[in-house]
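Residue-level structural notes
Single-letter residue listing:
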Amino acid sequence: MSGVRRLGARWRRRRPLRTRLALAASAAVALVAVGVCAAAFFVIRYELLHQLDLSLTQSATRVVQENRGEGPQIVAGECRFLSAPACAQVVPADPAADPEAAYLLPVSAPVREVAAGTRAPYFSNVTRFGHSLRMLTTPFGDGRALQVALRADPVEKGVRQAAVLLAAVGGAGVLGYAVSRTGLAPVARLTSTAERIAATRDPRHRIELPPGPPGRQDEVTRLAASFNTMLGELEQSVSAQRRLVADASHELRTPLTALRTNAELLARADRLTPAQRERASGALGRQIREVTGLVNDLIELARDEEPLPLVEEVRIAELAEHTVAMARTHWPRVRFELEVGPGAAEAVRPGVPARLARLLTNLLDNAAKFSPPDAPVEVGLTAYGGGGGLELSVRDHGPGIAPEDLPYVFDRFYRAEAARALPGSGLGLAMARQIARAHGAELTASAAPGGGALFTVVFGGEGP
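Right, let's walk through the structure included here. (Residues numbered from 1 in each chain as written. Predicted model: local features only at pLDDT ≥ 70, side-chain atom pairs only at ≥ 80, totals over all residues. Heavy atoms only, no water.)

If you look at the biggest cluster of nonpolar residues, it comprises 40 residues, and the most contacted ones within it are Phe-336, Leu-363, Leu-364, Val-394, Leu-443, Phe-455 and Val-457. Listed by contribution, the elements that provide at least two residues to this core are helix 9 (316–330), helix 10 (353–370), strand 9 (377–384), strand 10 (389–395), helix 11 (428–438), strand 11 (441–447) and strand 12 (453–459). Ranked by the residues each element gives to this core, the list is headed by helix 10, at eight residues. Setting aside its immediate chain neighbours within four residues, Phe-336 contacts Val-324, Ala-327, Arg-328, Trp-331, Leu-364, Ala-368 and Val-377. Judged by nonpolar contacts, the second largest core, of 15 residues, contains Ala-86, Phe-140, Ala-152 and Val-159. (Core = buried A, V, L, I, M, F, W, Y, C linked by side-chain atoms within 4.5 Å. Buried < 20%, exposed > 50% of the residue type's maximum accessible area, 1.4 Å probe, protein only. Helix = DSSP H or I, 4+ residues; strand = E, 2+ residues; numbered from the N terminus. Contact = heavy atoms within 4.5 Å.)

As a further point, take the packing of helix 9 against helix 10. Closest axis-to-axis distance for the helix 9/helix 10 pair is 10 Å, and the angle between their directions is 45 degrees. With respect to helix 10, the axis of helix 9 lies oblique. Judged by the twist between their axes, the crossing of helix 9 over helix 10 is right-handed. From helix 9, Ile-316, Leu-319, Ala-320, Thr-323, Val-324, Ala-327 and His-330 reach across to helix 10, where they touch Pro-353, Leu-356, Ala-357, Leu-360, Thr-361, Leu-364 and Asp-365. Each residue belonging to the contact of helix 9 with helix 10 can be placed in one class, and the counts come to 10 nonpolar, three polar and one charged. (Axes fitted to C-alpha atoms, helices over the stretch in contact; angles between N-to-C directions. Parallel < 35°, antiparallel > 145°, perpendicular 65-115°, else oblique. Left-handed = near helix turned anticlockwise from the far one by under 90°. Nonpolar A, V, L, I, M, F, W, Y, C, P; charged D, E, K, R; others polar.)

A word on the environment of Leu-266. Tracing the backbone through its elements, the reader meets Leu-266 in helix 7 (residues 219–267). Classification of Leu-266 by relative accessible area gives partly exposed; the value is 26%. Between the alpha carbons of Leu-266 and Leu-284 there is a distance of 9.2 Å; along the sequence they are 18 residues apart. In this structure Leu-266 touches Arg-277, Ala-280, Ser-281 and Leu-284, once residues within four positions along its chain are discounted.

In this section: the sheet that holds strand 9. The strand order across the open sheet built from five strands is 7-9-10-12-11, with neighbouring strands paired in mixed fashion. For this open sheet the edge positions go to strand 7 (336–340) and strand 11, each flanked by a neighbour on one side alone. Across the sheet, the mean angle separating the axes of adjacent strands is 15 degrees when strand polarity is ignored. Pairing of strand 10 with strand 12 involves six bridges; the strand directions are antiparallel. In the strand pairing of strand 12, Glu-391 is matched with Val-458. Sitting on the sheet, helix 9 is in contact with strand 7, strand 9 and strand 10, with an inclination near 170 degrees to strand 7. (Pairing = 2+ DSSP bridges.)

What follows deals with the packing of helix 10 against helix 11. Two elements in contact, helix 10 and helix 11, have axes whose closest approach is 9 Å; the angle formed by their N-to-C orientations is 145 degrees. The two elements helix 10 and helix 11 cross, and the hand of that crossing is left-handed. From helix 10, Arg-355, Leu-356, Arg-358, Leu-359, Asn-362, Leu-363 and Asn-366 reach across to helix 11, where they touch Gly-428, Leu-429, Met-431, Ala-432, Gln-434, Ile-435 and Ala-436. Taken together, the residues that form the contact of helix 10 with helix 11 break down as eight nonpolar, four polar and two charged.

Counted by the stated rule, this structure contains one aromatic pair. On the basis of an interplanar angle of 85 degrees and a centroid distance of 6.2 Å, the ring pair of Phe-410 and Phe-455 is categorised as edge-to-face. On the criterion of sequence distance, the pair formed by Phe-410 in the loop between strand 10 and helix 11 and Phe-455 in strand 12 is long-range, its members being 45 residues apart. You can call Phe-455 buried: its relative accessible area is 3%. Geometry around Tyr-122 places Arg-119 over its ring, the cationic atom sitting 4.7 Å from the centre. (Phe/Tyr/Trp six-rings, centres within 6.5 Å; stacked < 30°, edge-to-face > 60°. Lys NZ or Arg CZ within 6 Å of the ring centre and 35° of its normal.)

Set out below in structure tokens:
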């Protein structure tokens, strides 16, 4: 038995999905069709025989009413014709009381038992005069039984015709195989396209969709459309990965070159003056910190989700106060101002405190780099709406963001023309947006009224 199962499983693996689905669909359709036709056949057969039995019962009632006082006899014997009334004869329980004329219908022991009252009335099928007859045997009273028969061949012919017709209808269920294969032809095209993409490793391929309005597409077409969407996302992911590798290589090349130069210079420290050694050592330390920060930023950006075990309820106002205090230490020449609006002081959101602090730190560092010495960096925390929404904003009064740079400020390694001379790797804002989205928030950038840049983090009412 297990060998048969293994053979069946091996056959299924070797058959294409289209063939297996077509066979399964045709088998299901054939099974349903055969079941329905069989049920219809038995219902039709029962109804036809039931009508014939009713006719026999009516004929028996009429014979009883018309021949109540008569003895054993042949009442009518013309049932060999379709238009003739039913054959009828009265049979006594005692064979000695039979009439001299031979009976037209067969008289058996059960007939005598009905006449004697020891057996219930019954229907039976007999053959007389070369025709099939349906016969009713019922008590006639006073130790007699009445036999009534009608020709049954018209009913049998109707049953046979119904059987042939229903068998033809049930056999049409086999056509479900051809119909299924035709309906699953798009699946075959989908499979061939997927195999071609797998062979060429080129996500630019797309599956050709049949024309038609989007709202009237079938499931296979929607599957193909979803597959095309997935291919588009894959193409963008591959392009972004290649761009990230290229940008990271470009960004790492300069500090690594400087590191090697300063390291080689310090290797000949005996030829340098103390001031030269101090400058080279300081430059080497700055470059090491720059490369370390760049590598750490790349590692942070490679994380798609926040670690769930570290998620806790964070009071955003306290986090903002702590982060602003750290920024004042790191940027002593920049004035930071924090304003917490009504209802925002006690607001909490589920998240990772260190990651949320990193988000705000990146925004504050970006604002401090562009902020003039005499202008503050304004940090605001306000509650909005009745559902507990929270908005965190960071504004500087620097040159602002050029309209042509605004769509790209959150791209990895993107640096505007005005920012290329400033320190940084171009990953801070990209990392800030990733952290915001991981916490169910949205980070946007815009030009601030009156000049400068405005970055806004909007937390929903229910948190991530």
